[in-house]
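# Examining the three-dimensional arrangement
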Protein chains: 2
Amino acid sequence: MGKVVVDISMSLDGFIAGPNASPALPLGKGGERLHHWIVELESWRAMHGLEGGRAGRDAEIVEEAFRDVGAVVMGRRMFDEGVEPWGDNPPFHVPVFIVTHHAREKLVKEGGTSYTFVTEGVERAVAQAATAAAGHDVSVAGGASVIQQALNAGLLDEIQVHLIPVLLGAGRRLFDEDGGGPIELEIARVEASPGVIHTRFRMPGRRS
Amino acid sequence: MGKVVVDISMSLDGFIAGPNASPALPLGKGGERLHHWIVELESWRAMHGLEGGRAGRDAEIVEEAFRDVGAVVMGRRMFDEGVEPWGDNPPFHVPVFIVTHHAREKLVKEGGTSYTFVTEGVERAVAQAATAAAGHDVSVAGGASVIQQALNAGLLDEIQVHLIPVLLGAGRRLFDEDGGGPIELEIARVEASPGVIHTRFRMPGRRS
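To keep things clear, this report deals only with the structure shown in the data block. Along every chain, residues carry numbers that run from 1 in the direction the sequence is written. To label them, take the chains in the order written and letter them from A, then take the ligands in the order written and number them from 1. It should be noted that, the model being predicted, local features are given only for residues of pLDDT at least 70 and side-chain atom pairs only at 80 or more, the latter also being counted only at that level, while totals for whole chains, interfaces and linings use all residues. Water and hydrogen atoms were dropped before computing side-chain values, which therefore reflect all heavy atoms in the structure.

## Some points on the relation of the copies chain B and chain A
With an RMSD of 0.0 Å, chain B superimposes on chain A once it is rotated by 180° and translated 0.0 Å along the axis. Given the turn and translation reported, the copies of this chain are related as if by a two-fold rotation axis. Nearest to the rotation axis, the C-alpha of Gly14(B) is located 3.2 Å from it, this being the minimum over chain B. The contact criterion used throughout is that any non-hydrogen atoms of two residues lie within 4.5 Å. In this assembly the copies share their binding face: 100% of the residues contributing to the interface of chain B also contribute to that of chain A. The fit set for superposing copies consists of C-alpha atoms from residues with pLDDT of at least 70 in both; the fit itself is least squares.

## A short note on the sheet that holds strand β8 (residues 158-164) of chain A
Residues and elements named next belong to chain A. By definition, two strands form a pair when at least two bridges between them are found by DSSP. Helix and strand definitions here come from DSSP, where helices need a minimum of 4 consecutive H or I residues and strands a minimum of 2 consecutive E residues; each element is numbered from the N-terminal end. The sheet built from 9 strands is open, its strands ordered β5-β6-β4-β3-β7-β1-β8-β13-β12 with mixed pairing. What marks the edges here is a single partner per strand, and that holds for β5 (107-108) and β12 (186-192). Pairing of strand β3 (residues 69-75) with strand β4 (residues 95-99), which is carried by 4 bridges, proceeds in the parallel orientation. Counterpart to Met74 in the pairing with β4 is Ile98.

## What about the interface of chain B and chain A?
Counting residues at the interface gives 35 residues for chain B, matched by 35 residues for chain A. Buried area is calculated as the accessible area (1.4 Å probe) missing from two parts once they are joined, with the contributions of both summed. Counting each side, the surface lost to burial between chain B and chain A is near 2,900 Å², with a carbon and sulfur contribution of 67%. Three residues, Leu12(B), Leu167(B) and Ile187(B), lead the burial of chain B against chain A; their summed loss comes to 22% of the area buried on that side. Across the pair Arg33(B) and Glu184(A) runs a salt bridge whose closest N-O atoms are separated by 2.5 Å. Pairing of N or O atoms within 3.5 Å defines a polar contact, subject to two protein rules: one partner must be a possible hydrogen donor and the other a possible acceptor, and residues neighboring in sequence count only if both atoms are side-chain atoms. Scanning the region where chain B abuts chain A turns up 8 residue pairs in polar contact (both at pLDDT 80 or more). Secondary structure elements with two or more residues in the side of chain B that touches chain A: β9 (166-167), β11 (183-184), β12 (186-192) and β13 (197-202) of chain B. Any residue outside Ala, Val, Leu, Ile, Met, Phe, Trp, Tyr, Cys, Pro, Asp, Glu, Lys and Arg is labelled polar, Gly included; the first ten of those are nonpolar and the last four are charged. The class makeup of the residues in the side of chain B that touches chain A is 21 nonpolar, 7 polar and 7 charged. Relative to β9(B), strand β11 (residues 183-184) of chain A runs antiparallel, the two sharing 2 bridges. Note on β9(B): the bridge partner recorded for Ile183(A) is Leu167(B). By salt bridge we mean one thing: a side-chain nitrogen of Lys or Arg within 4 Å of a carboxyl oxygen of Asp or Glu.

## Considering the sheet that holds strand β6 (residues 114-118) of chain B
Residue and element names in this part refer to chain B. Within the open sheet, the 9 strands sit side by side as β5-β6-β4-β3-β7-β1-β8-β13-β12. Their pairing is mixed. The strands lining the two open edges of the sheet, one partner per strand, are β5 (107-108) and β12. Note: strand β1 (residues 4-11) against strand β7 (residues 137-142), 2 bridges, orientation parallel. From the neighbouring strand, Val5 faces β7, where its bridge partner is Ser139. Strands β1, β3 (69-75), β8 (158-164), β12 and β13 of the sheet are contacted by helix α3 (residues 57-67), whose axis makes an angle of about 145° with β12. Every angle, taken between N-to-C directions, lies between 0 and 180 degrees, and every axis is a line fitted to C-alpha atoms, over only the stretch in contact when it is a helix.

## Some points on the pattern of salt bridges
Residues and elements named next belong to chain B. On inspection of all chains with the given rule, the structure shows 26 salt bridges over all chains. Its salt-bridge partner being Arg200, residue Glu64 comes within 2.9 Å of it at the nearest N-O pair. Placement of Glu64 in helix α3 and of Arg200 in strand β13 is noted, with a sequence separation of 136 residues between them. Residue Glu64 shares its accessibility class with Arg200, and that shared class is buried. Whether a residue is buried, partly exposed or exposed follows from its accessible area with a 1.4 Å probe, protein chains only, as a fraction of its type maximum: under 20%, in between, or over 50%, in that order.

## Focus: the packing of aromatic side chains
The description of an aromatic ring pair uses the distance of the two centres, along with the angle that the planes make with each other. Residue and element names in this part refer to chain A. Pairing of aromatic rings covers Phe, Tyr and Trp, the last through its six-membered ring, and needs centres within 6.5 Å; plane angles under 30 degrees mean stacked, over 60 mean edge-to-face, and all others mean tilted. Applying the stated criterion across every chain yields a total of 6 aromatic pairs over all chains. A centroid spacing of 5.2 Å and a plane angle of 80° characterise the contact between Phe79 and Phe117, whose relative ring orientation is edge-to-face. Here Phe79, found in helix α4 (residues 76-86), pairs with Phe117, found in strand β6 (residues 114-118); they are 38 residues apart in sequence, far enough to count as distant. The same class applies to Phe79 and to Phe117, which are both buried.

## Here we look at helix α6 (residues 144-152) of chain B
When we look at burial in α6(B), the residues that qualify are Ala144(B), Val146(B), Ile147(B), Gln148(B), Ala150(B) and Leu151(B). Note on α6(B): the residue one or two positions beyond its end, Gly154(B), has a positive phi of about 70°.

## Some points on the side chain of Ser43(A)
Residues and elements named next belong to chain A. Mapped onto the elements of the fold, Ser43 is located in helix α2 (residues 42-47). In this structure the side chain of Ser43 is engaged in a polar contact, spanning 2.7 Å, whose partner is the backbone oxygen of Ala59. When sequence neighbours within four positions are dropped, the list of residues in contact with Ser43 reads Ala59, Val62 and Glu63.

## What to know about empty space enclosed by the protein
Both cavities and pockets are sets of points on a 1 Å grid over the protein atoms alone; in a cavity a 1.4 Å probe fits but cannot get out, in a pocket the set is open with protein on both sides within 12 Å along at least five of seven lines, and lining residues sit with an atom within 4 Å of a point. Grid points are joined across faces, edges and corners, and a volume is the space filled by probe spheres set on the points. A full pass over the atoms with the stated rule returns 2 cavities of 30 Å³ or more. What the largest cavity holds in volume is close to 70 Å³. Lining the largest cavity we find Met10(A), Leu12(A), Asp13(A), Gly14(A), Arg173(A), Phe175(A), Met10(B), Leu12(B), Asp13(B), Gly14(B), Arg173(B) and Phe175(B). In this model, the second largest cavity occupies a volume close to 60 Å³. As for the second largest cavity, its lining consists of Gln148(A), Leu151(A), Asn152(A), Phe175(A), Asp176(A), Asp178(A), Asp13(B), Leu167(B) and Gly169(B). In terms of residue count, helix α6 (residues 144-152) of chain A provides more of the lining of the second largest cavity than any other element does, 3 residues in total.

Distances and angles like these do not, on their own, reveal function.
Okay, structure coming up:
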């Protein structure tokens, strides 16, 4: 069976989006700074149907993270804000499961992406995604709320945090105060580039 | 002139102490977890007048950080909670400047440590410490409030964060929401051990 993973860019002060996020500004004020490093990479651009970009170790790490993903789980707000820009041939190329309160019929897009709406919570969405992934990894893509729910439900095997050398000062935190007590992680890998520190952690107690 | 530096252990979710910190529990509930890696090191133990401990790269990094420090700045609460356990021969071995609202006479301890109380704010405390450091570094030791004040006043040259693979879930954050807008950093060094990721950032715009 594949792993359940998170792969996300976070500022040194813990934010994955800037303040005042809205459908018109999904990453919040200044939040696009967290993705500067990735949007210039060849591997990221290829997944988004774009040409060119930079090769090298950063691009390899991004490619590696996406290569093993067989299905994606995301929250309803992330879906609502993303569905238009992602267009008819979305960058996932695998089944996507959206945690929502509103039942809705499955949408099938080009290039392997489909959108399935799950009303029974994040645990059920991850289970459905795991079935669809057929041995590959399930990526919990965001937003922060769905990642926190998956973390607190003990569903995650690995967290890859791309640590960005900026202090945003405000915004949406990856890790909120959850009051749930400490969770021990294991450092699986650390690699630094000039503009980003790639860190990967295993969640012991889960298979890894 | 020396640099103004911060050197601190932080959980992956951004905490430098657990919740419910008090004079009897200065690191808060579970906060001592953040210091497990350091208290076992030879270099840290030697500074605290203790024998034994582990040598190696972690110990070198700790020794290196302390070797260049010519003076320390800290907040009043950190001082109040520390002064008794630190005892007659405190682990600093350099002049310490405490940011406080209450004027008080300087205390001179054994082994090179003195405590000077500064009532004119963090900027003045750092300036006095820089004079006392005589070309060596000034270490802003904590707590979080004094570090944040120094950061927001543009007083810091470098931040060394020892990232600990644990999610505390609650406590005292190193970086609060300050609403001050983004601050760009530069990655100066990254080294990973099994139990800690040593990251160091420069603050551009400051001399470095």
